[in-house]
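Results of the structural survey
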Amino acid sequence: MKRLLTCALTLLMLLALSAPAFADVMWEPDNNSFYDRHREQCEYENRSYYANGKEGFVTLLDAPNGSMVRAQFENGEKLRIYFIYDGGYGLAACWIDGKETSGWVPMSELELVYDFISFEEEYADRIRPYNGEFADYGGTPEVVNFYAYPGAERISETWETDGQWHVLENLTGTSESRSYISSIFVDEDGRTWGYVSYMYGRLNSWFCLDEPDGTDFPVRAVAAPSLTPARTPVLPAQSYVPYLLVAAVAGVTGGILAFFYGKKRKSTR
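Residues numbered from 1 in each chain as written. Predicted model: local features only at pLDDT ≥ 70, side-chain atom pairs only at ≥ 80, totals over all residues. Heavy atoms only, no water.

This paragraph deals with unusual backbone geometry. Within the chain, D97 stands out as a residue other than glycine whose phi angle is a positive 55°. Among the structural elements, D97 can be located in the loop between β5 (89-96) and β6 (99-106). Positive phi, normally seen in glycine, also occurs at N204, with a value near 50°. With respect to the helices and strands, N204 occurs in strand β13 (residues 202-208). (Helix = DSSP H or I, 4+ residues; strand = E, 2+ residues; numbered from the N terminus.)

Next up on the list: the pattern of salt bridges. Counted by the stated rule, this structure contains seven salt bridges. In this structure, D36 engages R39 in a salt bridge whose closest nitrogen and oxygen atoms are separated by 3.8 Å. A relative accessible area of 38% means that D36 is categorised as partly exposed. For R39, a relative accessible area of 34% translates into the label partly exposed. One salt bridge connects R191 with D189, and the closest N-O pair in it is separated by 3.2 Å. Among the ionic contacts, a cluster of salt bridges with common partners joins E28, D36 and R39. (Salt bridge = Lys/Arg side-chain N within 4 Å of Asp/Glu carboxyl O. Buried < 20%, exposed > 50% of the residue type's maximum accessible area, 1.4 Å probe, protein only.)

Scored by pLDDT, the chain has a mean of 85; 79% of the residues are at 70 or more. Counted against residues more than four places away or in other chains, residues 1-23, with its pLDDT under 50, gives nine contacts. (pLDDT = per-residue confidence, 0-100. Contact = heavy atoms within 4.5 Å.)

Printed below as a string of structure tokens:
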């Protein structure tokens, strides 16, 4: 019994230590019946988009061409699209007051946010495989700042170098393990950037090899999204149908009850 308990505790400790490796488990909605029925026809996307409805807002519905409104957003707000169904509808998710809300929106009403994939596509001819360019780094930065792409407007993640996971060792590489850097890019000012797709979970980010803790890099000019002016959302007409049906059923039921109740009263006189 004692041996069994020791083994169980050891297993729990190992699972706890390995937890960060599972940080990139694919997200799926908790309560979306359409997705549950059609998950095999849904393509994983996991990219950000701007709301860009022709009426100035977008509406998330319970299903493509559905009738129940899950949420609404003015144009310009960012939505995370996790899955695309049949090429035409995206499944967006948000958390309101700590509660998950997911719904479907036409992809034609969204505008892609420039990200690491966009950068890779645009600068493919200037990105080359990593060849140990960071191996001899001898600095001692307290943090490494990661960006969605070289010249992104803001930092996407900051990792402390004295933490449990030996960030610098895993980026520079050691005699026993290779660096997590897979590609490099030299920007217009001669700075070298390294791309890390995975390190203790999915990262998909770049950092500057010359200045890992840098915070004041020139912002890269990217194409501005062409968005329809935002407008306060209005509920679509079809969203009232379920409530009208409920009201109609309630009215008919009330009428029937009133009829029979009236007949009963007359028969008892």
